[in-house]
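Architecture at a glance
So the chains spell out like this:
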Amino acid sequence: MAVTTRLTWKEEKSLQKLLGHASLTLLYKSSVHGYSIENMLQRCTYQGSTITLIYTKNNIFGAFILGHYPKIGEKSESLDSSFCFSLQKKDNTIEIPTFPFNRVPEITANRLAFYFCDYTLFCLNTELKQIVIVYRLEDKAFTTPKRFHYLECEVFRVEGIKDDSCYVRRVTRVTQHREHLLAELRAYKPSTCLIPEIRILMLGPVGSGKSTFINSVKSVFQGHVIRQAIAGSDITSITEQYRIYSIKDGKDGISLPFMLCDSPGLEEKEEAGLCIDDISHILKGCIPDRYQLNPQKPITPSHSTFITSPSLKERIHCVAYVLDVNSVNHLPCKMVKKFKRVQKEVLHLGLPALY
């Protein structure tokens, strides 16, 4: 009978993403192979880099070790070799805060522990089936030792990563930077109450990735893959409507204070792609959500859905130009001229632009 992990598919994918899309192979499961350090080492020593997962009633704690499991009594001063983490489920999202240990564990007959100047940071006691943690990962602060009775312990071999001293630093710093950026976006508030949500218009050539970018942003905050904006090819624009997408936070389901606006891509031909005249009306807030754009027939004030007196909150507040990094230096002259015309209108309206 095959030995399987307690991780859900979503939890395993989140871990693989944290580790740089590495593959995981289950080596040890305490309920199957025995609740002892000796049993663990028999299956995990000299297996390469590993992650150890400890399941408690309400939490999953983990420790990554670069290189091989040390033997009982073996000590090492190797730096940048390990970090701890926890899998935290919040609504539909999984967050994995990390904390670098910068040392290898010390192993005795019944303990696997990480120490800092004789101070226990993390200790797995197989005899008592207990884990002790003195660092609160949620707010990154040291605390009094917290003891948890654990139900299961699993060890995975981590494959497909570089065995170098910078790996742990990269993983933990990327995670911390990502958490910092997400916290800033969640805490952002427009400077005036007249604009509850900032509208950001995505502009770029056909196939530059505007719709894909919108889907990626929505996926990050929802905690799972979202494909709401229709992404197409690099030949013809799939997006035909002007769309306004709110960004909902999976933590509590509320809308964040910014919206991403999608439109057809720019094309060289005047009669194809997003019409320059329509861009001006979009910037001013005159075109409603889901309006079907026609490159050969721009909207006019006489159209039944045209917004003649848009409020401040209906206007575009920022323009983000989306370009393929591989072709940005090879844009055709006609496309460059179109961009210049668009930028002239953006500057005329006093809007900030991002590239």
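Residues numbered from 1 in each chain as written. Predicted model: local features only at pLDDT ≥ 70, side-chain atom pairs only at ≥ 80, totals over all residues. Heavy atoms only, no water.

Moving on, we get to the overall build of the protein chain. For the protein chain, the helix and strand inventory stands at seven helices and 17 strands. Every one of the 355 residues in the protein chain was classed for burial, and the buried ones make up 47%. At a minimum sequence separation of 6, the contacts of the protein chain that also span at least 24 residues come to 62%. Carbon and sulfur atoms make up 53% of the accessible area of the protein chain, which totals about 18800 Å². (Helix = DSSP H or I, 4+ residues; strand = E, 2+ residues; numbered from the N terminus. Buried < 20%, exposed > 50% of the residue type's maximum accessible area, 1.4 Å probe, protein only. Contact = heavy atoms within 4.5 Å. Areas by Shrake-Rupley, 256 points an atom, 1.4 Å probe, with all protein chains shown as cover.)

With that settled, the discussion passes to the pattern of salt bridges. Note on pairing: side chains with opposite charge can pair once their charged atoms come close. Within this structure, the stated rule accounts for five salt bridges. When the shortest N-O distance is used, the salt bridge between Asp-249 and Arg-186 registers 2.8 Å. Note that Asp-249 is positioned in the loop between β13 (241–248) and β14 (255–262) and Arg-186 in helix α4 (residues 166–187), a separation of 63 residues in sequence. The class for Asp-249 is buried, based on a relative accessible area of 4%. With relative accessibility at 24%, the residue Arg-186 sits in the partly exposed group. Through salt bridges with shared partners, one network takes in Lys-29, Glu-152 and Glu-154. (Salt bridge = Lys/Arg side-chain N within 4 Å of Asp/Glu carboxyl O.)

What follows is about the sheet that holds strand β16 (residues 318–321). As a general point, the strands of a sheet are linked pairwise by backbone hydrogen bonds and lie either parallel or antiparallel. Strand order in the open sheet made by the six strands is β15-β13-β14-β12-β16-β17, with mixed pairing throughout. Both outer strands of the open sheet, β15 (291–292) and β17 (353–354), are each paired with one neighbouring strand and no more. The pairing of strand β12 (residues 198–203) with β16 spans four bridges and is parallel. Across the sheet, Leu-201 pairs through a bridge with Val-319, a residue of β16. Across the sheet, helix α7 (residues 333–348) is in contact with β12, β16 and β17; its angle to β16 comes to roughly 160 degrees. (Pairing = 2+ DSSP bridges. Axes fitted to C-alpha atoms, helices over the stretch in contact; angles between N-to-C directions.)

Positionally, Leu-53 belongs in strand β2 (residues 50–56). Taking C-alpha positions, Leu-53 is 9.5 Å from Leu-7, a pair spaced 46 residues apart along the chain. Not counting chain neighbours up to four residues away, the residues in contact with Leu-53 comprise Leu-7, Leu-15, Ile-60, Phe-61, Gly-62, Phe-85, Glu-152, Cys-153, Glu-154 and Phe-156.

Our next topic: the side chain of Gln-88. Relative to the helices and strands, Gln-88 is located in strand β4 (residues 82–90). Among the residues examined, Gln-88 registers a relative accessible area of 12% and is labelled buried. Looking at Gln-88, its side chain comes within polar contact range of the side chain of Ser-86, at 3.0 Å. (Polar contact = N/O pair within 3.5 Å; in protein donor to acceptor, adjacent residues only side chain to side chain.)

Within the sequence span of helix α3 (residues 37–44), burial applies to Ile-37, Met-40, Leu-41 and Cys-44. Looking straight down α3, one finds that the buried residues subtend no more than 95 degrees of arc, so they occupy a single side. Within α3, the exposed residues directed more than 90 degrees away from the buried face are Glu-38 and Gln-42. Following α3 by one or two positions, Tyr-46 has its phi on the positive side, about 60 degrees. (Arc of directions from axis to C-beta.)

On to unusual backbone geometry. Although it is not a glycine, Lys-129 adopts a positive phi angle of roughly 50 degrees. Relative to the elements of secondary structure, Lys-129 occurs in the loop between β9 (119–125) and β10 (130–136). If you check the backbone angles, Arg-290 has positive phi at about 70 degrees while not being a glycine. Note on placement: Arg-290 falls in the loop between α6 (276–284) and β15.

By size, the foremost hydrophobic cluster in this structure holds 26 residues, and its most contacted members are Leu-201, Leu-203, Tyr-242, Ile-279, Leu-283, Ile-316 and Val-319. Counting 25 residues, the second largest nonpolar core, distinct from the first, contains Leu-27, Met-40, Ile-65 and Phe-101. (Core = buried A, V, L, I, M, F, W, Y, C linked by side-chain atoms within 4.5 Å.)

This brings us to the pairing of strand β3 (residues 60–65). Counting buried positions over the six residues of β3 gives six, a clear majority of the element. Residues Ile-60, Gly-62 and Phe-64 of β3 are buried on one face, and the alternating residues Phe-61, Ala-63 and Ile-65, pointing to the opposite face, are buried as well. As judged from the six bridges shared by β2 and β3, these two strands associate in the antiparallel manner. Residue pairing across strands places Tyr-55 opposite Ile-60, the latter belonging to β3. Joining the antiparallel neighbours β2 and β3 is a turn of three residues.

The geometry of α6 relative to α7 is characterised by a closest axis approach of 10 Å and an angle of 25 degrees between their N-to-C directions. Looking at the two axes, α6 sits roughly parallel to α7. Seen along the crossing, α6 lies across α7 with a hand that is right-handed. On the side of α6, the interface is formed by Ile-276, Ile-279, Ser-280, Leu-283 and Lys-284, while α7 contributes Lys-338, Arg-341, Val-342, Glu-345 and Val-346. Residues belonging to the contact of α6 with α7 are distributed by class as follows: five nonpolar, one polar and four charged. (Parallel < 35°, antiparallel > 145°, perpendicular 65-115°, else oblique. Left-handed = near helix turned anticlockwise from the far one by under 90°. Nonpolar A, V, L, I, M, F, W, Y, C, P; charged D, E, K, R; others polar.)

Scanning the model with the defined rule gives five aromatic pairs in all. Taking the centre distance of 5.2 Å and the plane angle of 40 degrees together, the rings of Phe-61 and Phe-148 count as tilted. Taken together, the residues span a long stretch of sequence, with Phe-61 in strand β3 and Phe-148 in strand β11 (residues 141–159) at a distance of 87 residues. Judged by relative accessible area, Phe-148 falls into the partly exposed class, the value being 25%. (Phe/Tyr/Trp six-rings, centres within 6.5 Å; stacked < 30°, edge-to-face > 60°.)

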